[in-house]
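For reference, the chains in residue letters:
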Amino acid sequence: MNRIPLIAGNWKMFKTGSEAVSTAEKLANLTQNITSTDIMIAPTHLSLPLVTQKLLGTNVKVGAQNLYFEQEGAFTGEVSAEMIKDTGAEYVLIGHSERRQFFGETDESVFKKIKAATKVDLIPIMCIGESEKERNEKNTFAILDKQVKNGLKDFVSDDPDSLSSLVLAYEPIWAIGTGKTASVDQVDEIHKYLRSLISQLFSRDFALKIRILYGGSVKPDNVKELMAIEDVDGALVGGASLDPDKFIKIIGFSS
Ligand code: PEP
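Thresholds applied
- Residues numbered from 1 in each chain as written.
- Predicted model: local features only at pLDDT ≥ 70, side-chain atom pairs only at ≥ 80, totals over all residues.
- Heavy atoms only, no water.
- Helix = DSSP H or I, 4+ residues; strand = E, 2+ residues; numbered from the N terminus.
- Rg over C-alpha atoms; globule rule 2.2 N^0.38 Å.
- Buried < 20%, exposed > 50% of the residue type's maximum accessible area, 1.4 Å probe, protein only.
- Contact = heavy atoms within 4.5 Å.
- Core = buried A, V, L, I, M, F, W, Y, C linked by side-chain atoms within 4.5 Å.
- Near = heavy atom within 4 Å.
- Polar contact = N/O pair within 3.5 Å; in protein donor to acceptor, adjacent residues only side chain to side chain.
- Areas by Shrake-Rupley, 256 points an atom, 1.4 Å probe, with all protein chains shown as cover.
- Nonpolar A, V, L, I, M, F, W, Y, C, P; charged D, E, K, R; others polar.
- Pairing = 2+ DSSP bridges.
- Axes fitted to C-alpha atoms, helices over the stretch in contact; angles between N-to-C directions.
- Salt bridge = Lys/Arg side-chain N within 4 Å of Asp/Glu carboxyl O.
- Phe/Tyr/Trp six-rings, centres within 6.5 Å; stacked < 30°, edge-to-face > 60°.
- Lys NZ or Arg CZ within 6 Å of the ring centre and 35° of its normal.

Here the focus is the overall build of the chain. Tallying secondary structure elements over the chain gives twelve helices and eight strands in all. At 17 Å, the chain has a C-alpha radius of gyration in line with the 18 Å of a compact globule built from 255 residues. Across its three principal directions, the C-alpha atoms of the chain cover 50 × 45 × 35 Å. Looking at the chain residue by residue over its 255 residues, the buried ones come to 52%. Across the chain, every contact between residues at least 6 apart in sequence was considered, and the portion connecting residues at least 24 apart equals 73%.

Written out as structure tokens, the structure is:
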């Protein structure tokens, strides 16, 4: 099964609008000849319209870092899936560990957000991962199992087709922004597990189609070994995506 690799950059709460636009422009220039890898960057909500506009017709797609699952209403400070789609963005990160950790994101809200995203044809990148404590207590598989099953619950029985664009991102929390990367064996084990879990929940065909990204301190000097793992279909990159000169090396799998 040929899955097109996806290298996605999460810019978190970095870069003003003008900084985001100039970084995006530089990245677009650097990636002009890249056609075999999908590339995405996720700036802040505020920069989405500016950045999508700047990147029209380039190889770099745009995603949001979050959404709110209601369509509209009295939800001060929130942004709907439709509003994100309207900016020209194509992807949305859902359930990032920083949202789970600091903003009360739960498996239930993740589920609702994925539902809202798929309704307007935004590609959901569903983030899952265990903490260091959970790994040390040998709960990694149980945690991932719970996050996947609860986050995708009704899709399994009701509506698997609407999930066809789903991207999963395995991001062990202990590896995010810490400089610690999961080992090749650890990543291999988890990605295999996740694909077989998706296969059990949906079908083998479905599981073979979806992309599973690894995230957690991906850098130019470790991306090659990570991307060589059979079930790794790309990377979700935080810190190293902020600098186009570094990010382009990751996009080229730093060969
Ligand atoms: C992330 O924010 O999803 C991430 C993986 O961050 P970093 O690459 O900085 O660890």
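Before going further, it helps to examine the nonpolar core. In this structure, Ile-41, Leu-152, Leu-194, Ile-198, Tyr-214 and Phe-247 are the most contacted members of the largest nonpolar core, which totals 65 residues. The contact partners of Ile-41, leaving out residues within four places of it in the chain, are Gly-9, Trp-11, Ala-24, Leu-27, Val-51, Leu-55, Val-60, Lys-61, Val-62, Gly-63 and Phe-247. Membership of the second largest hydrophobic core comes to 13 residues, among which are Ala-8, Tyr-91, Ile-125 and Leu-236.

On to the site of the ligand, then. Residues in close proximity to the ligand total 14 residues, the closest being Lys-12, Glu-171, Gly-177, Ser-217 and Gly-238. Between the ligand and the protein, one listed contact pairs an oxygen atom with a side-chain N or O atom of His-96 at 2.9 Å. The contact in question runs from an oxygen atom of the ligand to an N or O atom on the backbone of Gly-239, over 2.9 Å. In isolation the ligand exposes 300 Å². Once the protein is present, 96% of that is buried. Broken down by class, the residue content of the shell around the ligand amounts to four nonpolar, eight polar and two charged.

This part takes up unusual backbone geometry. Backbone geometry places Lys-15, a non-glycine residue, at a positive phi of 80°. Positive phi, normally seen in glycine, also occurs at Phe-253, with a value near 55°. Within the element layout of this structure, Phe-253 appears in the segment after helix H12 (244-251).

Read once around its circumference, the closed barrel built from eight strands follows the order E1-E2-E3-E4-E5-E6-E7-E8, with strand pairing classed as parallel. Each strand of the sheet is rotated relative to its neighbour by a mean of 25°, with strand direction disregarded. Taken together, the four bridges between strand E1 (residues 6-10) and strand E8 (residues 234-237) define a ladder with parallel strand orientation. Within the sheet, the bridge partner assigned to Gly-9 lies in E8 and is Val-237.

The next subject is the pattern of salt bridges. Using the criterion set out here, one finds 17 salt bridges in the structure. Two residues, Lys-26 and Asp-245, come together in a salt bridge whose shortest N-O distance is 3.1 Å. Residue Lys-26 is found in helix H1 (residues 17-30), and its partner Asp-245 is found in helix H12; the two are separated by 219 residues along the sequence. Relative accessible area serves as the criterion here: at 38%, Lys-26 is assigned to the partly exposed category. The exposure class assigned to Asp-245 is partly exposed, which follows from its relative accessible area of 37%. Counted as one network, the salt bridges with shared partners bring together Arg-3, Arg-195, Asp-231 and Asp-233.

What follows is about the environment of Ile-190. On the secondary structure map, Ile-190 appears in helix H9 (residues 184-201). Residue Ile-190 is classed as buried on the basis of its relative accessible area, which comes to 0%. With sequence-adjacent residues up to four places away left out, Ile-190 is seen in contact with Arg-135, Thr-140, Phe-141, Leu-144 and Tyr-170.

What follows is about the side chain of Arg-211. The residue Arg-211 is located in strand E7 (residues 211-215) in this model. For Arg-211, a relative accessible area of 13% puts it in the buried group. There is a polar contact of 2.9 Å between the side chain of Arg-211 and the backbone oxygen of Ile-4. Polar contacts involving the side chain of Arg-211 include one to the side chain of Asp-38, which spans 2.8 Å.

This model, assessed by the stated rule, comprises six aromatic pairs. Ring geometry for Phe-102 against Phe-103: centres 6.5 Å apart, planes inclined by 85°, an arrangement best described as edge-to-face. Comparing Phe-102 with Phe-103, the two get one shared label, exposed. Aromatic side chains Tyr-170 and Tyr-214 sit 6.3 Å apart centroid to centroid with 55° between the ring planes, which places their arrangement in the tilted category. Highlighted residues: Tyr-170 in strand E6 (residues 167-170) and Tyr-214 in strand E7, separated in sequence by 44 residues. In this structure an aromatic cluster arises from ring pairing among Tyr-68, Phe-69 and Phe-75. Lys-15 extends its terminal NZ or CZ atom over the ring of Trp-11, reaching a point 5.4 Å from the ring centre.

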